[in-house]
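Chain by chain, the residues run as shown.
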Amino acid sequence: MATEGIELEEEERHRATLVRVGELAPGGEPCVELCPPPCAIVLFGASGDLAARKLMPSFYNLRKSGLLPENFFVIGASRQKLDDESYRNAMEAAIRSNAQYDEKAWSDFRKRLFYRTLVPDARPYEDIKEALADREKEFKTGGNRIFYLATPPAAYPGIIEALGAAGLSEEKQGWSRIVIEKPYGRDSASAHQLNEVVLRNFREDQVYRIDHYLGKDTVQNIVMFRFANAIFEPIWNRRYIDHVQITVAETMGIEKRAAYYEQAGVLRDMFQNHMLQVLALVAMEPPSVYEANLVRDERVKILRALRPLPLESLSESLVIGQYVEGEAGSEWAPGYREEVGVSKDSTVPTYAAMKLFIDNWRWQDVPFYLRSGKRMAAKFSQVYIQFKRVPHLMFKGTLDAAGIMPNALVLKIQPDEKVQMLFHVKNPGSRVSLREVVMDFSYTEGYRGVKLDAYDRVLLDCMIGDKTLFIRRDGVRYSWEFLTPALDLLEKGGPGRKRPELFIYRAGSPGPTEADKFIQKDGRRWQND
Ligand code: BG6
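The shown structure was predicted, so the numbers you read here are calculated from the model rather than taken from an experiment.

Each value, and the rule that gives it
All residue numbers refer to position in the chain's written sequence, counted from 1. Local features are withheld for residues below a pLDDT of 70 in this predicted model, meaning they are given only at 70 or higher, and side-chain atom pairs are given and counted only at 80 or more; totals for whole chains, interfaces and linings count all residues. Note that water and hydrogens are dropped before the side-chain values are worked out from all heavy atoms of the structure. A pocket here means an open set of points on a 1 Å grid, computed over the protein atoms alone, that has protein on both sides within 12 Å along at least five of seven lines. A cavity is instead a set of points where a 1.4 Å probe fits but cannot get out; residues with an atom within 4 Å of a point line either one. Grid points are joined across faces, edges and corners, and a volume is the space filled by probe spheres set on the points. Lys, Arg, Asp and Glu make up the charged group, whereas Ala, Val, Leu, Ile, Met, Phe, Trp, Tyr, Cys and Pro make up the nonpolar group; the residues left over, Gly among them, are polar. To define a nonpolar core, start from buried Ala, Val, Leu, Ile, Met, Phe, Trp, Tyr and Cys residues and group those joined through side-chain atoms within 4.5 Å. Accessible area is worked out with a 1.4 Å probe on protein chains only. A residue is then buried under 20% of its type maximum, exposed over 50%, and partly exposed in between. Here a helix means four or more residues in a row that DSSP labels H or I, a strand means two or more in a row labelled E, and each is numbered from the N terminus. Here, residues are in contact when the closest pair of their heavy atoms is within 4.5 Å. Should DSSP find at least two bridges between two strands, the strands are regarded as paired. Angles shown run from 0 to 180 degrees and are taken between the N-to-C directions of axes, each axis being a line fitted to C-alpha atoms and, for helices, limited to the stretch in contact. Aromatic rings from Phe, Tyr and Trp, taking only the six-membered ring of Trp, are treated as a pair when their centres fall within 6.5 Å; an angle between ring planes under 30 degrees marks them as stacked, one over 60 as edge-to-face, and anything in between as tilted. By definition here, charges over rings are those cases where NZ of Lys or CZ of Arg is within 6 Å of the ring centre and within 35 degrees of the ring normal. We define a salt bridge as a contact between a side-chain nitrogen of Lys or Arg and a carboxyl oxygen of Asp or Glu at a distance within 4 Å. Here, proximity means that at least one heavy atom of the residue falls within 4 Å of the molecule or strand. Whenever a nitrogen or oxygen atom comes within 3.5 Å of another N or O atom, the pair is scored as a polar contact, on the condition that within protein one atom can donate a hydrogen and the other can accept it, and that pairs from neighbouring residues in sequence are kept only if both atoms are in side chains. Exposure was quantified through the Shrake-Rupley algorithm and a 1.4 Å probe, taking into account, for residues, occlusion by the shown protein chains and nothing else.

(A) Quick look at the layout of surface pockets. Computed from the structure, the second largest pocket encloses a volume of approximately 390 Å³. What lines the second largest pocket is a set of 20 residues, and nearest its centre among them are Lys388, Arg389, Val390, Pro406 and Asn407. Along the lines of polarity and charge, the residues of the lining of the second largest pocket split into 14 nonpolar, three polar and three charged.

See the structure below:
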C-alpha cells in the first residue's frame with residue numbers, strides 16, 4: 001500500500017516522487033510507482049459519460065491509492081448549467097457506482113473538484129483562465145496544467161483553437177498538456193486536419209493522444225514478456241510462427257452510443273486504434289532503450305509496413321457483420337438496427353475479421369488475423385500465437401498427425417489475465433500416446449497491492465510526462481492510411497470493385513459463420529476463449 005514518498009533525484013524534470021504501491025508475495029520485491037508533480041486538470045465534457053464512468057473514478061482511485069499529490073485539483077467544464085456543489089453531487093453518484101466509495105477518500109477528493117459552465121456567448125475560456133489562476137494559488141500547483149478533451153470529437157477543433165487563443169497552451173510557469181480522446185479523426189484527411197489544428201496551438205510534445213488499450217497492464221506485458229525473456233525472441237518470426245490471431249470480443253452492444261457508433265462502426269471504433277496498437281506491440285522490433293520515442297518509433301515502423309489491403313478482392317481479407325436480435329447471456333438482446341438511435345437500414349458493421357500482412361523481414365507472409373465484434377458469445381481479448389508444426393512427425397502410423405495441434409502461446413488480455421503455453425506430453429502408461437497440456441500463468445499471481453486500470457495508468461503517465469503509451473502524430477497517420485481505402489470502398493464503393501457483403505450474426509453468437517469459412521479456407525480456425 002502507499003507509503004511515504006521518496007524524492008527522486010533523476011526525476012527532477014518531473015519533480016515526481018516514488019511511492020510504494022505493493023509487493024510480490026509477502027516480504028518479496030516492493031513495487032513502486034511515480035507520484036506525479038502538482039498539477040491542475042481542466043476536463044472538457046465533464047458532465048458526459050466518459051467523465052462519469054472512467055475519468056472521475058480514475059482520478060479518485062489514484063488519489064485514494066496515494067498516487068496523486070496533495071497539490072491537485074480538477075475543474076470540470078461543459079455546456080450543462082451546474083455549479084461546484086451540484087457537480088460534486090453528480091460525481092459522488094458516479095464514484096459510488098463506478099469505484100469503491102470510501103467516505104474519507106471522497107471528502108478529500110470532493111474539495112478538489114470545481115465546475116465551470118461553458119456559456120457560448122460569454123467568454124468561457126477567459127472564465128476558465130481566471131478560475132485556473134485562482135485555484136492554482138490555493139492548491140499551489142505551480143502552473144502545471146492538463147486540458148483533457150472528453151467531449152464529442154466535433155467539439156475538439158473549437159476547444160483547441162480557443163485554448164490557443166486564450167494563451168492556455170503557453171508554458172509560462174509550469175507545463176501545459178492536452179489530452180485527446182479517440183476517435184482521432186474519421187479517416188486520413190480528417191485526422192490530418194485535426195493534427196493541423198492541434199499543432200497550430202500546441203507543440204507535439206505537449207500532445208497526449210490516448211489509446212486506453214495501451215494502458216492495460218496485460219497489453220504492456222506483451223513487450224515486457226517478449227523482450228525480458230531470452231527464449232521467445234529467437235522463435236518470434238516467420239521461421240517458427242505460422243500465424244497470429246488478435247481478438248477483442250465483447251458481449252455488450254453499443255450501449256447508449258448510437259450517434260457515435262453509427263458514424264464509426266467497428267473498424268473505426270476498434271481497428272484503427274486498439275487492434276492495430278496491440279498488433280504493433282506483438283510485431284515490433286526491440287528498441288535499444290525502453291524510452292517513449294524509441295518505443296513509439298518501433299510501433300510506427302510496424303504501421304508503416306502494413307501491406308495495403310487488396311481492394312480488388314477485399315472480401316478475401318475482410319469479413320464484416322452486424323448483429324441481429326438473439327439471446328446474449330441470460331437476456332434477449334435487440335438487433336443493432338433496433339437499438340435506439342440506429343437507422344433501420346444501417347449498414348454499419350459491428351463485427352469485422354481481417355487478415356493482414358506486415359511487409360518486413362521478420363514477418364513476411366505470416367498472416368495476422370484480427371477480429372473484433374459487439375454482442376458476441378463471450379467477452380475476451382487475447383493474442384494467440386500459433387507456431388509451425390513439427391517438421392517431421394516420427395510417430396506416423398502410430399499417431400494421427402492431424403490430431404497433434406501445433407504449439408501455441410496465448411497472451412490473455414482480459415478478463416482473464418494470463419499467459420498460456422500449449423504443448424504436448426506423453427500420456428502416462430501407454431506406449432506412444434500424447435496429450436496437449438496447458439502451462440498457465442495468472443498475471444497477478446503473487447502480487448499484493450494497488451492495481452491500476454487502463455485509465456488510471458494513462459492519466460498518471462500524462463501527469464508524469466511519460467509518452468510511451470500515447471500515440472504520436474505519425475502513428476495516427478499510418479493507421480488511418482492503412483484503413484481509409486477499405487473504409488472508402490465499404491462506404492462509397494469504387495468503380496470495378498466489389499464491396500464486401502455485410503453478414504448478419506445473432507447477438508450472443510461467435511460472429512458470422514462466413515468469418516469461420518474465411519479462416520478455414522486458409523486451413524486454420526479461430527481460437528476462442
Ligand atoms: C472503446 C470503444 O474505445 O473501447 C468501445 O469505443 C469498446 O466501443 C471499448 O467497448 C472496449 O474497451 P475495454 O477496455 O472495455 O475492452
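Past the structure itself, the notes keep going.
(B) Layout of the nonpolar core. Counting residues in each nonpolar core, the largest one holds 119 residues, and the members touching the most others are Phe44, Ile160, Phe271, Phe368, Val383 and Leu409. If you tally residues by element for this core, the top one is helix α8 (residues 258-283), at 16 residues. Those residues in contact with Leu409, other than ones at most four positions away along the chain, are Phe225, Phe232, Trp236, Val383, Tyr384, Ile385, Phe387, Val419, Gln420 and Met421. Membership of the second largest hydrophobic core comes to 48 residues, among which are Leu55, Val74, Tyr208 and Leu460.

(C) Molecular detail of the sheet that holds strand β5 (residues 72-78). An order of β6-β5-β4-β7-β8-β9 is seen for the six strands of this open sheet, with the pairing classed as parallel. The open sheet has two edge strands, β6 (113-117) and β9 (207-209), and neither has a second partner. For this sheet, the mean inter-axis angle between neighbouring strands, taken without regard to orientation, is 20 degrees. When strand β4 (residues 39-44) meets β5, the two strands line up parallel, connected through six bridges. Paired with Phe44 across the strands is Ala77, a residue of β5.

(D) How the structure looks around the packing of aromatic side chains. Counting across every chain of the model gives 17 aromatic pairs. Ring centres of Tyr323 and Tyr505 lie 6.3 Å apart, and the angle between their planes is 70 degrees; on these two criteria the pair is classed as edge-to-face. Linking Tyr323 in strand β11 (residues 318-324) with Tyr505 in strand β21 (residues 502-506), this pair joins segments that are 182 residues apart in sequence. This pair shows no difference in class: Tyr323 is buried, exactly as Tyr505 is. The ring of Tyr101 is capped by Arg96, whose NZ or CZ atom sits 3.8 Å from the centre of that ring. Over the ring of Tyr208 we find Lys467; its NZ or CZ atom is 4.7 Å from the centre of that ring.

(E) Representation of the pattern of salt bridges in the model. Going through the model one piece at a time under the given rule, you end up with 37 salt bridges. One salt bridge connects Lys355 with Asp522, and the closest N-O pair in it is separated by 2.9 Å. One end of the pair, Lys355, is in strand β14 (residues 351-356); the other, Asp522, is in the segment after α12 (513-520), with 167 residues separating them in the sequence. Judged by relative accessible area, Lys355 falls into the buried class, the value being 15%.

(F) Quick look at unusual backbone geometry. A cis amide bond links Lys182 with the next residue in sequence, Pro183, at an omega value of 5 degrees. Note the cis peptide between Gln414 and Pro415, where omega equals -10 degrees. Examined against the element boundaries, Pro415 turns out to sit in the loop between β17 (408-414) and β18 (418-426). Even without glycine at this site, Lys140 takes up a positive phi of about 50 degrees. Positionally, Lys140 belongs in the loop between α4 (124-139) and β7 (145-149). For Lys140, a relative accessible area of 59% translates into the label exposed.

(G) Focus on the pairing of β18. Relative to β18, β17 runs antiparallel, the two sharing five bridges. Across the sheet, Ala408 pairs through a bridge with Leu422, a residue of β18. Taking the residues that link successive antiparallel strands as the turn, the β17-β18 hairpin has three residues. Pairing of β18 with strand β19 (residues 434-442), which is carried by nine bridges, proceeds in the antiparallel orientation. In the sheet register, Phe423 faces β19, and the bridge partner there is Val437.

(H) Quick peek at the site of the ligand. Taken together, the neighbourhood of the ligand is formed by 13 residues, with Tyr213, Lys216, Glu250, Arg257 and Asp269 sitting nearest. Between an oxygen atom of the ligand and a side-chain N or O atom of Asp269, the distance comes to 2.6 Å. Lys374 is positioned such that a nitrogen or oxygen atom in its side chain is 2.7 Å from an oxygen atom of the ligand. Protein coverage of the free-state accessible area of the ligand, which is 390 Å², stands at 86%. A total of three residues in the shell around the ligand trace back to one element, the largest contributor, which is α8. Here the residues of the shell around the ligand sort into three nonpolar, three polar and seven charged.

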